[in-house]
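Chain and residue survey
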Amino acid sequence: MANAWKKHKPTNLLTPKPLLLLLLLTVSLLLLTFFLLSSNPSNPNPNHKTLILQSSIHPFNCYTTPQSHPIIANLVEGLKYPFLYSLSDLGSLPEKPHKNIVRILKGKPFRRPDISATVQEVLGKMRDEGKMGVFVDVGANVGMATFAAAVMGFRVLAFEPVFENLQRICDGVYFNRVGELVTVFEAAASDRLGSITFHKLVGRLDNSAVSATGAKMAFKSNEEVALQVRSIPLDELIPESEPVLLLKIDVQGWEYHVLKGASKLLSRKKGEAPYIIYEEDERLLQASNSSAKEIREFLRTVGYHDCTQHGTDAHCTKNN
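Residues numbered from 1 in each chain as written. Predicted model: local features only at pLDDT ≥ 70, side-chain atom pairs only at ≥ 80, totals over all residues. Heavy atoms only, no water.

1. Focus: the overall build of the protein chain
In terms of regular secondary structure, the protein chain is built from 10 helices and 14 strands. Per-residue burial over the protein chain gives 46% buried out of 320 residues. Pairs at least 24 apart in sequence give 70% of the contacts found in the protein chain among residues at least 6 apart. Carbon together with sulfur atoms contributes 57% to the accessible area of the protein chain, which is approximately 17400 Å² in total. (Helix = DSSP H or I, 4+ residues; strand = E, 2+ residues; numbered from the N terminus. Buried < 20%, exposed > 50% of the residue type's maximum accessible area, 1.4 Å probe, protein only. Contact = heavy atoms within 4.5 Å. Areas by Shrake-Rupley, 256 points an atom, 1.4 Å probe, with all protein chains shown as cover.)

And the structure:
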């Protein structure tokens, strides 16, 4: 009976053999983790390739910029390829919050922006035809068109000069896991390289513009702040070898200058020239000393003879 109660000598786990086995197991797990992360990127896309740009201007770095706060973001309703975006303007809190904040409080997603649906429709048709390439978003705001394209797997070049909007674009890059697809520039696309005076409308950043008159046209009571922003022609950035499927421009009356700065891009032959969507609001254009007629005449010189009106937007294609 005494032997039945004999204590067993405990195994020493710190002997060389168990330590070696533990080390081998740890190394194996680390190698497996590395393999899985490298073979399964956060945004897998068989058509992804790195954009090779020809300008010395560096893209905006979301990882070094201060984080925006507070963050109010939600999913967009009614899209085939849904995405999330973050609000830049919150309205007048607490009395009159932004309409999408009200929707959140009611348990609803954000209302679908028309441009998001349009971008997905146009790019969806192109993909069905076997086309893949770049979507250029000029006047990206908080990314409602940028993310509509990126979640479909398209590469995006986004231009936005307002810092607060850039922060929200960075939010969307994180939320939608599209960092490999979206390249952002803190700049205003224009017809010359340098800088221009930009007018930021406090409380309505979506209505900021190069023209002070254009910025305050719809919201005269808001404070307007003038600042210098970098300007760059699209032709200075996009090489001729880069396929561009769709060019969207919404810059509160500065559309003519953006198009002029993309003359080489727009002069590409049929099948290679991009589909164009631009805002054609005569009041805003005249505030920037241009007109819808001037834009249409310029587009004809680079081969765009087929333009149709969709509300305040014009859609132009090259059919000849």
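2. Description of helix α5 (residues 163–176)
With 14 residues, α5 extends 20 Å between its outermost C-alpha atoms, agreeing within 8% with the 20 Å of an ideal straight helix rising 1.5 Å per residue. Along α5, 10 of the 14 residues are buried, which leaves the element largely enclosed by surrounding structure. Every buried residue belonging to α5 is among Asn-165, Leu-166, Gln-167, Arg-168, Ile-169, Cys-170, Asp-171, Gly-172, Val-173 and Asn-176, and all of these are buried. On the buried face of α5, the contacting elements are β2 (84–86), α4 (146–150) and β7 (182–185). (Expected span 1.5 Å × (residues − 1).)

3. Notes on the nonpolar core
Counting residues in hydrophobic clusters, the biggest one holds 42 residues, and the most contacted among them are Val-136, Val-138, Phe-159, Leu-234, Leu-259, Leu-266 and Leu-299. When residues in this core are grouped by element, the largest group, 4 residues, is from helix α10 (residues 292–301). Sequence-distant contacts of Leu-259, defined by excluding residues within four places in its chain, comprise Leu-247, Ile-249, Leu-266, Ile-276, Ile-295, Phe-298 and Leu-299. With 38 residues, the next largest nonpolar core counts Phe-60, Leu-90, Ala-158 and Val-184 among its residues. (Core = buried A, V, L, I, M, F, W, Y, C linked by side-chain atoms within 4.5 Å.)

4. Quick notes on the sheet that holds strand β6 (residues 155–159)
Spatial strand order, β7-β6-β5-β11-β12-β14-β13: 7 strands in an open sheet with mixed pairing. Strands at the two margins of the open sheet, each flanked by one partner only, are β7 and β13 (306–310). Each strand of the sheet is rotated relative to its neighbour by a mean of 15 degrees, with strand direction disregarded. With 5 bridges joining them, strand β5 (residues 134–138) and strand β11 (residues 244–249) adopt parallel strand pairing. Residue pairing in the sheet places Phe-135 in a bridge with Leu-246 of β11. On the sheet, helix α3 (residues 114–128) packs against β5, β11, β12 (275–279) and β14 (313–317) and is oriented at approximately 165 degrees with respect to β11. (Pairing = 2+ DSSP bridges. Axes fitted to C-alpha atoms, helices over the stretch in contact; angles between N-to-C directions.)

5. Considering the sheet that holds strand β9 (residues 194–201)
The pairing of strands in a sheet happens through backbone hydrogen bonds and is either parallel or antiparallel. Spatially, 3 strands are ordered β8-β10-β9 in an open sheet, and the strand pairing comes out mixed. Since the sheet does not close on itself, it has two edges, and those belong to β8 (188–189) and β9, each with one partner.

6. Considering the packing of aromatic side chains
Summed over the entire model, instances satisfying the criterion amount to 7 aromatic pairs. Summarising the aromatic geometry, the rings of Phe-159 and Phe-185 are spaced 5.4 Å apart at their centres and angled 15 degrees between planes, so their arrangement reads as stacked. Here Phe-185 lies in strand β7 and Phe-159 lies in strand β6, a separation of 26 residues in the sequence. Taken individually, Phe-159 and Phe-185 each receive the classification buried, so the pair is uniform in this respect. Each residue in the set Phe-83, Tyr-85, Phe-110 and Phe-147 is aromatic and connected to the rest through ring pairs, giving one cluster. (Phe/Tyr/Trp six-rings, centres within 6.5 Å; stacked < 30°, edge-to-face > 60°.)

7. Observations concerning a positive patch on the surface
Residues Lys-99, Lys-106, Lys-108 and Arg-111 make up a contiguous surface patch of positive charge. Along the polypeptide, Arg-111 turns up in the loop between α2 (99–105) and α3. (Patch = residues over 30% accessible without salt bridge, like charges linked within 9 Å, V, L, I, M, F, W, Y side chains within 5 Å. Salt bridge = Lys/Arg side-chain N within 4 Å of Asp/Glu carboxyl O. Lys, Arg positive; Asp, Glu negative; His and termini not counted. Charge placed at Lys NZ, Arg CZ, Asp CG, Glu CD.)

8. Some remarks on the pairing of β6
Counted residue by residue, β6 has 5 buried out of 5 residues, so it is predominantly covered. Neither face of β6 is exposed, since Arg-155, Leu-157 and Phe-159 on one face and Val-156 and Ala-158 on the opposite face are all buried. Handedness of the crossover joining β6 and β7 through α5 is recorded here as right-handed. (Right-handed = clockwise from strand over helix to strand, strands pointing away.)

9. Topic: the environment of Tyr-174
Here Tyr-174 lies in helix α5. Given the relative accessible area of 30%, Tyr-174 is considered partly exposed. Residues Tyr-174 and Leu-84, spaced 90 residues apart in sequence, show a C-alpha to C-alpha distance of 9.7 Å. Not counting residues up to four positions away in its chain, the partners in contact with Tyr-174 are Cys-62, Tyr-63 and Gln-67.

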